[in-house]
Amino acid sequence: MDMKKRIHLELRNRTPSDVKELVLDNCRSNEGKIEGLTDEFEELEFLSTINVGLTSVANLPKLNKLKKLELSDNRISGGLEVLSEKCPNLTHLNLSGNKIKDLSTIEPLKKLESLKSLDLFNCEVTNLNDYRDNVFKLLPQLTYLDGYDKDDKEAPDSDAEAYVEGLDDDDDDDDDEVDEEDYDEDAAPGDDDEEDVDEDDEDEDGEEGEEEDDVSGEEEEDELNDGEVDDDEDEEEERGQKRKRDLDEEGEEDDD
């Protein structure tokens, strides 16, 4: 997709003056130049044209409110004096991955008095001796070069911080969800415990019932045994009485 069509697509039925951020990454520039971008984008604060095949920024319109300009992974080798004319309030400039070979190419950036952050990563100029010291001397308004200050302290990334804060919020939400899940899980085992207690009670009742049955059975057996003993005793008593009667009868006969 060429740059003009991409700009039209990014507008999404808005007027250019309503746009504050415009991302045109990976579209196709015409002859290495910016096209379709006009000074009607007067409120534009962030412009990204990463990997669009630019060789020049000469066609950049007047963008007084532009603060951040992403030009990385193009083929720009010079002509940076245009930036101070068209974007005088620029604070962040990313030129990493371009064909910048010497310090004289970035010298025009001295006129960007508000420039705080410059990125030249993966440019040949970074291979020069004392590269960092010389750039900070050339551009004294700079605070960060390639993401680090003069003392090699890393620059805070506002986007990254916002992203991390978003993650923290998500983590808090996740923690809340986990707490709810833990609560449900805690409640569930309680129910299970009650069920287990009920089952244990039932088991105990069952065992007691079985013991009572066993006791009853033993008592019945004892009674039956007692009954059998009584019957035996009665039979012996009857036999004793019969023998006694027989003896008495024999005695009478002898008397006769």
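Cut-off values and rules
- Residues numbered from 1 in each chain as written.
- Predicted model: local features only at pLDDT ≥ 70, side-chain atom pairs only at ≥ 80, totals over all residues.
- Heavy atoms only, no water.
- Helix = DSSP H or I, 4+ residues; strand = E, 2+ residues; numbered from the N terminus.
- Buried < 20%, exposed > 50% of the residue type's maximum accessible area, 1.4 Å probe, protein only.
- Pairing = 2+ DSSP bridges.
- pLDDT = per-residue confidence, 0-100.
- Contact = heavy atoms within 4.5 Å.
- Arc of directions from axis to C-beta.
- Polar contact = N/O pair within 3.5 Å; in protein donor to acceptor, adjacent residues only side chain to side chain.
- Salt bridge = Lys/Arg side-chain N within 4 Å of Asp/Glu carboxyl O.
- 1 Å grid on protein atoms, 1.4 Å probe; cavity = no way out; pocket = protein on both sides within 12 Å on 5 of 7 lines; lining within 4 Å.
- Points joined across faces, edges and corners; volume = space filled by probe spheres on them.
- Nonpolar A, V, L, I, M, F, W, Y, C, P; charged D, E, K, R; others polar.

(A) Broad picture of the environment of E81. On the secondary structure map, E81 appears in helix α2 (residues 81-86). Classification of E81 as partly exposed rests on a relative accessible area of 39%. Taking C-alpha positions, E81 is 9.1 Å from A58, a pair spaced 23 residues apart along the chain.

(B) Up close: the sheet that holds strand β3 (residues 68-70). Within the open sheet, the six strands sit side by side as β1-β2-β3-β4-β5-β6. Their pairing is parallel. The sheet terminates laterally at β1 (21-23) and β6 (144-145), the two strands that pair on one side only. Across two bridges, the pairing between strand β5 (residues 117-119) and β6 is parallel. What sits directly across from S117, in β6, is Y144.

(C) View of the confidence of the model for the protein chain. Taken residue by residue, the protein chain gives an average pLDDT of 79. The fraction at 70 or more is 61%. For residues 159-167, every residue scores under 50 in pLDDT, and the model assigns this stretch one contact once sequence neighbours within four places are set aside. Note that pLDDT drops below 50 for residues 177-195; the model gives that stretch one contact with residues more than four away or on any other chain.

(D) Summary view of helix α4 (residues 131-138). The set of residues buried in α4 consists of Y131, V135, F136 and L138. Seen along its axis, α4 keeps its buried residues to an arc of 160 degrees; they face one direction. Where the residues of α4 are buried, they touch α3 (103-106) and β6.

(E) Main features of the environment of L128. Among the structural elements, L128 can be located in the loop between β5 and α4. A relative accessible area of 37% places L128 in the partly exposed class. Setting aside residues up to four positions removed in sequence, L128 forms contacts with K101, D102 and L103.

(F) Up close: the side chain of N98. Mapped onto the elements of the fold, N98 is located in the loop between β4 (92-94) and α3. Here the side chain of N98 touches L71 through a polar contact of 2.9 Å, landing on its backbone oxygen. Discounting chain neighbours no more than four positions away, the residues touching N98 are L71, S72, D73, N74, R75, I76, N122 and C123.

(G) Region of the structure containing the pattern of salt bridges. Throughout the structure, instances matching the rule amount to five salt bridges. Residue R12 is joined to E10 by a salt bridge in which the shortest nitrogen-to-oxygen separation is 3.7 Å. With relative accessibility at 56%, the residue R12 sits in the exposed group. One salt-bridge network, held together by shared partners, links R6, E10 and R12.

(H) Examining unusual backbone geometry more closely. Even without being a glycine, R12 presents a positive backbone phi close to 50 degrees. Considering the arrangement of structural elements, one finds R12 in the loop between α1 (3-11) and β1. Not every positive phi belongs to a glycine, and D130 is a case in point at roughly 55 degrees. Mapped onto the elements of the fold, D130 is located in the loop between β5 and α4. Its relative accessible area of 53% is what places D130 among the exposed residues.

(I) Region of interest: the side chain of S72. Within the fold, S72 resides in the loop between β3 and α2. Those residues within four positions of S72 in sequence are excluded, and the remaining contacts are T49, I50, N51, N94, L95, S96 and N98.

(J) Main features of α1. Along α1, the positions that sit buried rather than exposed are M3, R6, I7, E10 and L11. Around the axis of α1, the buried residues are gathered within 140 degrees of arc, so they sit on the same side. Structural note: α1 exposes K4, K5 and H8 on the side pointing more than 90 degrees away from its buried face. On its buried side, α1 packs onto β1. The N-terminus of α1 is capped by D2, whose side-chain oxygen sits 3.3 Å from the backbone nitrogen of K4.

(K) Seen up close, the layout of surface pockets. Estimated volume of the largest pocket: approximately 720 Å³. Lining the largest pocket we find 22 residues, and of these E70, H92, S117, P156 and D157 sit closest to its centre. At the level of secondary structure, the elements contributing two or more residues to the lining of the largest pocket comprise β3, β4, β5 and α5 (158-255). The residue makeup of the lining of the largest pocket, split by class, is eight nonpolar, five polar and nine charged.

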